[in-house]
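Observations on the three-dimensional arrangement
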Amino acid sequence: MGWARTHVPHFAHMDLQITPEQQQLRAGLHQWLVDNLPWEYGVGLPPRFPDLDETVAFGREWQARLAADRWVGITWPVELGGRGLGPAEHFVVTEELARARAPELVGRIGINLVGPTLSAHGTSEQCQRWLPPILGANELWCQLFSEPDAGSDLASLATRAERVDGGWRLTGQKVWTSYAQFADWGLCLARSEPDAPKRQQGISCLAVDMHADGVEVRPLVQITGEAEFNEVLLDGVFVPEDQLVGRPGEGWTVANSTLSHERGVNPRQLGIHCQLLLGLLELAQESENGFDDWGIRQRVAEAYIEVKLFQLHNWRTLTRLERGEAPGPEGSALKLYWSEMSKRLHETVLAVLGPAAGLWQGASDNPGDGTWQRSWLYYQASSIFAGTNEIQRTLVGERVLGLPRG
């Protein structure tokens, strides 16, 4: 199934039939994947590495290979290395990559979050400087938003940006920063006007050179045993004036642009969960605790239905984008849905695994090789990352339903 761009009034429904152009795009990527995947299409799986450094190195190589033939940044302008296509085509490409079980892009923060943010708020010089190296993973970005004492209340951030000759001086601490130890740049929110009347005011957004003096990255070991997250210390880091994104004191507006893409606009989690669903169906078919057990069969069916509903929610967001509308706060509802759906899906996986659910080590063809266990552990945090679900419920209540502030 695919999506077609329609030129219709705001109230009309969207035509979900794939256009000839989108079909050609899908067929082109499918053939490219058959020719270029480092594993057999439809049968094999991406290589797994015991070390995160090796995983990132492979990811850089894989993304560079995709970008060389312009399969990264589909919606980006042609002059910046993209294809200049629309959101529907981006969904088509994401879906086809998921079908091939291709790994996530190692530079996904740059592609999915920083790129759209710079396109919306950056200067033409900033876009020309920073966007092209993102596509082929020549430069990786991280997101310097969360702080230890702010929790999900981003407006209470304490990192300071002080005016100095030629730019800004950053002092503070960030946390839960994915891939910061590999990043070349970080998109940072800092309080530049401490006396602003409202907390959301007086915040500025700056691009930080992660190799600059005063930047210290400390990896945090997660429940999975990996250290994908980090805390980042900023000790008097100098940021030149031309690395300010947007206007001074208007970083909250820039941040909302980034967060809307993180929570509900980009189909990243749809691609991931389509892959997880495919793996679950295969696992159930091969397992003694699979389709022969009525109770588990019902749970597998529920997982299938919920992922398909997630797909429909994504199409609704796609409809808004195709009409040229802003994503809106509905992205919070989408984040709420997939994060709780993911936990239920993973619980079903463990039920299908049965006695193997508690295993971690094993051969690569053993259900207990740790792949599913790691995924289950990782997605226990789904209700926390990308904004806690409590915060998302507040946003839905106030900005979507119009409920009074509590």
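In what follows, the accompanying structure is described.

What counts as what
Numbering of residues starts from 1 in every chain and runs along the sequence as written. Thresholds applied to this predicted model are a pLDDT of at least 70 for local features of residues and 80 or more for the giving and counting of side-chain atom pairs; totals over whole chains, interfaces and linings are not thresholded and use all residues. With hydrogens and water stripped out, all remaining heavy atoms of the structure feed into the side-chain values. By the criteria applied, helices consist of DSSP H or I runs no shorter than four residues and strands consist of E runs no shorter than two, each listed in order from the N terminus. Buried, partly exposed and exposed residues are distinguished by accessible area as a fraction of the type maximum, computed with a 1.4 Å probe on protein chains only: under 20%, between the cut-offs, and over 50%, respectively. Any pair of residues with heavy atoms lying within 4.5 Å of one another is described as a contacting pair. Two rings from Phe, Tyr or Trp (for Trp, the six-membered ring) form a pair when their centres sit within 6.5 Å of each other. Planes less than 30 degrees apart are called stacked, planes more than 60 degrees apart edge-to-face, and all others tilted. A ring has a charge above it when a Lys NZ or an Arg CZ is no more than 6 Å from the ring centre and no more than 35 degrees off the ring normal. Throughout this description, the term nonpolar core refers to a set of buried Ala, Val, Leu, Ile, Met, Phe, Trp, Tyr and Cys residues connected via side-chain atoms within 4.5 Å. An axis is simply a line fitted to the C-alpha atoms; with a helix, the fit covers only the stretch in contact. Between two such axes, the angle follows the N-to-C directions and lies from 0 to 180 degrees. Here is the rule for angles: anything less than 35 degrees is roughly parallel, anything more than 145 is roughly antiparallel, 65 through 115 is roughly perpendicular, and the remaining ranges are oblique. Less than a right angle of anticlockwise turn of the near helix away from the far helix marks a crossing as left-handed, whereas a clockwise turn marks it as right-handed. For this scheme, ten residues count as nonpolar: Ala, Val, Leu, Ile, Met, Phe, Trp, Tyr, Cys and Pro. Four count as charged, namely Asp, Glu, Lys and Arg, and the remainder, Gly too, count as polar. Whenever Lys or Arg places a side-chain nitrogen within 4 Å of a carboxyl oxygen from Asp or Glu, that contact is recorded as a salt bridge.

1. A closer look at the environment of W130
- Counting through the fold element by element, W130 comes out in helix α5 (residues 124–135).
- For W130, a relative accessible area of 1% puts it in the buried group.
- The sequence separation of W130 and G115 amounts to 15 residues, and the corresponding C-alpha distance is 8.6 Å.
- W130 has contacts with L118, E139, W141, W185, A207, D242 and Q243, leaving out every residue within four places of it along the chain.

2. Points about the packing of aromatic side chains
- In this structure the tally under the stated criterion is 10 aromatic pairs.
- Each ring, one from W141 and one from W185, has its centre 5.9 Å from the other, and the planes form 25°; the classification is stacked. On the criterion of sequence distance, the pair formed by W141 in strand β1 (residues 141–144) and W185 in strand β4 (residues 185–191) is long-range, its members being 44 residues apart. Comparing W141 with W185, the two get one shared label, buried.
- Aromatic pair Y378 and Y379: ring centres 5.2 Å apart, planes at 70°, arrangement edge-to-face. For the pair Y378 and Y379, one class covers both residues: buried.
- In this structure an aromatic cluster arises from ring pairing among W32, W39 and W62.
- In this structure, R83 is placed above the aromatic ring of W71, and the distance from its NZ or CZ to the ring centre is 4.0 Å.

3. Considering unusual backbone geometry
- Located in the positive-phi region is R70, a residue other than glycine, with phi close to 60°.
- Along the chain, R70 turns up in the loop between α2 (52–68) and α3 (87–99).
- Looking at R70, the relative accessible area reads 36%, which means it is partly exposed.
- For Y179, which is not a glycine, the phi torsion comes out positive at approximately 60°.

4. A word on the nonpolar core
- L33, W62, L66, W71, W141 and L189 are the most contacted members of the largest nonpolar core, which totals 46 residues.
- Looking at this core, the elements with two or more residues in it are α1 (20–36), α2, α3, α4 (108–121), α5, β4, β5 (203–209) and α6 (251–265).
- When near neighbours in sequence (up to four residues on either side) are disregarded, W71 contacts L25, G28, L29, W32, L66, R83 and V93.
- The next biggest cluster of nonpolar side chains, apart from the first, holds 32 residues, and it includes L270, L283, L350 and Y378.

5. Section: the packing of helix α7 (residues 268–286) against helix α10 (residues 371–378)
- At a minimum axis distance of 13 Å, the contact between α7 and α10 shows a crossing angle of 140°. Classified by the interaxial angle, the pair formed by α7 and α10 is oblique. For α7 against α10, the interelement crossing comes out left-handed. The residues of α10 that touch α7, namely those facing R268, L276, G279, L280 and L283, are W372, S375 and Y378.
- When the residues that make up the contact of α7 with α10 are grouped by side-chain class, the tally is five nonpolar, two polar and one charged.

6. What about the pattern of salt bridges?
- A full pass over the atoms with the stated rule returns 17 salt bridges.
- Close ionic contact of E340 with R393 constitutes a salt bridge, the shortest N to O distance being 2.6 Å. Placement of E340 in helix α9 (residues 330–353) and of R393 in helix α11 (residues 389–400) is noted, with a sequence separation of 53 residues between them.
- Linking E398 and R405 is a salt bridge whose minimum nitrogen-to-oxygen distance equals 3.3 Å.
- The class of E398 is partly exposed, set by a relative accessible area of 23%.

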